[in-house]
Amino acid sequence: MSKKKAAKPVSKKAAKPAAKKAVKAAGSSSKSLLVENRVFKPSADFVKKARISSMAQYQKMHAESLKNPDKFFGREAKELSWSRPFKKVLDWKCPNAKWFVGGQLNVSVNCLDRHLDGPRKTKAAIIWEGEPGEKRVITYQQLHRDVCRFANVLKRHKVKKGDRVVIYMPMVPEAAVAMLACTRIGAMHSVVFGGFSAESIKDRVTDCGATMVITADGGYRRGAVVALKKNVDDALKGGDTPVKSVIVLRRTGQDVHIEEGRDYWWHRELEYVDAKCPAVAMDSEAPLFILYTSGSTGKPKGILHTTGGYLLHAYMTSKYVFDLRDDDVYWCTADIGWVTGHSYMVYGPLAMGATSLMYEGAPNWPENDRFWRIIEEYGVTVFYTAPTAIRAFMKWGDEWLKKHDLSSLRLLGTVGEPINPEAWMWYHNQVGGGRCPIVDTWWQTETGGHMITPIPGAIPTKPGTATLPFFGVDAAVVDDLGKEVGKDEQGKLVIRKPWPSMLRGIWGDKDRYQKTYWSDFKGWYFAGDGARRDKDGYFWIIGRIDDVLNVAGHRLGTAEVESALVSHAAVAEAAVVGRPDELKGQGVVCFVTVKEGVKTSRDLSEELKKHVRKVIGPVATPDEIRFAAALPKTRSGKIMRRLLKQIASGETLKGDTTTLEDINVIAALAAASGED
Ligand code: 7RM
């Protein structure tokens, strides 16, 4: 039970019982949602300590950041450690931005070395808990030493500035060590989420031309061991990738194959190196990392981020949005394989000199209260998680929280998808005890950090909206011609000015970068999301309007799943759509036509699900396979996804079907029960 009494959440006016309308909330794909009209102001207690403590202050800073970015960001950037000062804040020639031109810095120095001169030297940088229960606390001084030593291992293996290193690891501190060691010597990392398959590793290794893979024998997940090294072996089979060495961390102790001359144990390699490793001064625009994310084609995009601007934004958002202070215990539950883990488990909090908690495993292992247990045990003060997790907690029931004292919490955050108001209210009341502001942060792999988000001491929140743009972010909702839509009208979300942590490109594909992000509206970034603004100018994100699904906060391209399906011998054609899912936000429904002579069956449907898992990874496992004699197409041969979406979610068909080539196809699909 919470010790502190739950503060009345709202101002008197706002606390009046608001009319709850039983209509579907725009902004979420889940079923049976309510619109919650209350406005939640931060408590006086929170405001008193906040860095930005009024709407007026936010507005003034935001206005300055747009009107005079040179001055605003020039001032903020001085809080980082530069080995050579920048000459110019921004050089912008759409779609190419250069931030902090002429400046040089090193990310690992900013995350580690600069904290060693004062009391942070012996402060916890990372608090880690393994799924089986091991605990480790790593101080800034220790982390610095570990990073320097591992950077020397990289050098021993001839990894140089600009080289690419793929990291495929469980959630252990060594994953952060590997990332930071890359940054220390100017190598680029590309972290691949542990839930991706061997084939996905191979695609990424090949695409970015990685010469090294860093992995572990395995990792723990829900009591089981994930065979990470085995997946790397399969990915590198045949020897047709540029990978020269594989460094293997011993985590689980399971037997693994060690390929002579290619594979090396992490702990053995450390025996050959010392702990002195000068950091390489990097140009502000030097590439920092590549992170693959799904788009609307079958091939994931290698999103490229660079050094100075990315780090500044991760730092600034950690400072202003999480309002991190030296006594915080901050916990982001994301995996380092996602951008959230990059910016808000490693780079942002460490650049701030904060304490970042890292947990290896599942939230329901050994029991449903693992997260609450961790919050209580370590006195977590700032907690950042995903709506899909919150919905799972709600389903598991409040008794799991009631066993624990969560009164250390002072601020909550969400990311990954629109949060439905019910989940928001539950998070606010049950987890936050009614006293913690919630920052609903909208952003993307491409944006590097928070873009639309409450500033917790300044911007009153409403359940379901990410509220207002962060500093330097010129967001708008526009129609297809680029004209701003009216209040409460839906349109496309665009960013009209460059920002420090914007992606600098798609690895190896200049045209795709220009085409995907900068071609819908001249000079503006198009995010791929739909949104509307309310009377207060707050942004309500509706979700993707391209062919990208959001399954449990993970981006998944429908085309990726389709191409995995058609790679199976039985499949002739496939169309994949999302349908609302109460827990995951969206579920994956696959419409499949089989080749002549193939008999459809429940077994085949299970086999296809397994096949997709194998090709992409467990994150992409289809929820349903629906066999069909034909797919609905326009006369020009385009699959009519709009209709399939309606069928998948059991809706009555609406809208124009006159362009349909064969109307009987639709009747047959709607009648088909799916799996038999
Ligand atoms: C950080 C991350 C990006 C997509 C994005 C949106 C959706 C993320 C929110 C959200 C509504 C949010 N990167 N999204 N956060 N939608 N409210 N607070 O998730 O590249 O993996 O995904 O996720 O559709 O375009 S991501």
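Please read all numbers here as calculations on a predicted model, not as lab measurements. (Residues numbered from 1 in each chain as written. Predicted model: local features only at pLDDT ≥ 70, side-chain atom pairs only at ≥ 80, totals over all residues. Heavy atoms only, no water.)

Caption draft 1: Spatial organisation of the overall build of the protein chain. A tally of helices and strands in the protein chain yields 21 helices and 30 strands. By the compact-globule yardstick of 26 Å for 676 residues, the protein chain fits well, its C-alpha radius of gyration being 25 Å. Seen along its three principal axes, the alpha-carbon backbone of the protein chain occupies a region of about 75 × 70 × 55 Å. Counting every position in the protein chain, which comprises 676 residues, the buried fraction comes to 61%. Expressed as a percentage of contacts within the protein chain between residues at least 6 apart in sequence, the contacts between residues at least 24 apart total 71%. When the accessible area of the protein chain is evaluated, it comes to approximately 26600 Å², of which 52% is carbon and sulfur surface. When the 99 basic and 79 acidic side-chain charges of the protein chain are each reduced to a single mean position, those positions are 5 Å apart. (Helix = DSSP H or I, 4+ residues; strand = E, 2+ residues; numbered from the N terminus. Rg over C-alpha atoms; globule rule 2.2 N^0.38 Å. Buried < 20%, exposed > 50% of the residue type's maximum accessible area, 1.4 Å probe, protein only. Contact = heavy atoms within 4.5 Å. Areas by Shrake-Rupley, 256 points an atom, 1.4 Å probe, with all protein chains shown as cover. Lys, Arg positive; Asp, Glu negative; His and termini not counted. Charge placed at Lys NZ, Arg CZ, Asp CG, Glu CD.)

Caption draft 2: Focus on the pattern of salt bridges. Under the definition given, this model contains 49 salt bridges. Between Glu76 and Lys319 there is a salt bridge, with the nearest N and O atoms lying 2.8 Å from each other. Here Lys319 lies in helix α11 (residues 307-320) and Glu76 lies in helix α4 (residues 69-77), a separation of 243 residues in the sequence. Glu76 sits in the buried class, given a relative accessible area of 3%. Given the relative accessible area of 5%, Lys319 is considered buried. Salt bridges sharing partners connect three or more residues here, namely Asp474, Glu484, Arg496, Lys497 and Arg533. (Salt bridge = Lys/Arg side-chain N within 4 Å of Asp/Glu carboxyl O.)

Caption draft 3: Representation of unusual backbone geometry in the model. Cis geometry is adopted by the peptide bond preceding Pro95, which originates at Cys94 and carries an omega value of 0°. Going from Trp365 to Pro366, the amide bond is cis rather than trans, its omega being -5°. Checked against the element boundaries, Pro366 lands in the loop between β17 (355-359) and α13 (370-378). Within the chain, Phe100 stands out as a residue other than glycine whose phi angle is a positive 60°.

Caption draft 4: Seen up close, helix α7 (residues 173-185). With 13 residues, α7 ought to run about 18 Å at 1.5 Å a step, and its terminal C-alpha atoms sit 19 Å apart, in line with that. Extensive coverage of α7 is indicated by the burial of 13 of its 13 residues. Gly186 occupies a position one or two residues after α7 and carries a positive phi of about 80°. (Expected span 1.5 Å × (residues − 1).)

Caption draft 5: Highlighting the pairing of strand β6 (residues 164-168). Across the five residues of β6, four count as buried, placing the element largely inside the fold. Of the strand pairs in this sheet, β6 and strand β7 (residues 188-191) are connected by four bridges, and their pairing is parallel. Across the sheet, the residue bridging to Val166 is Ser190, located in β7. Remark: the β6/α7/β7 crossover connection has right-handed handedness. Bridge count between β6 and strand β8 (residues 212-216): four bridges; the pairing is parallel. (Pairing = 2+ DSSP bridges. Right-handed = clockwise from strand over helix to strand, strands pointing away.)

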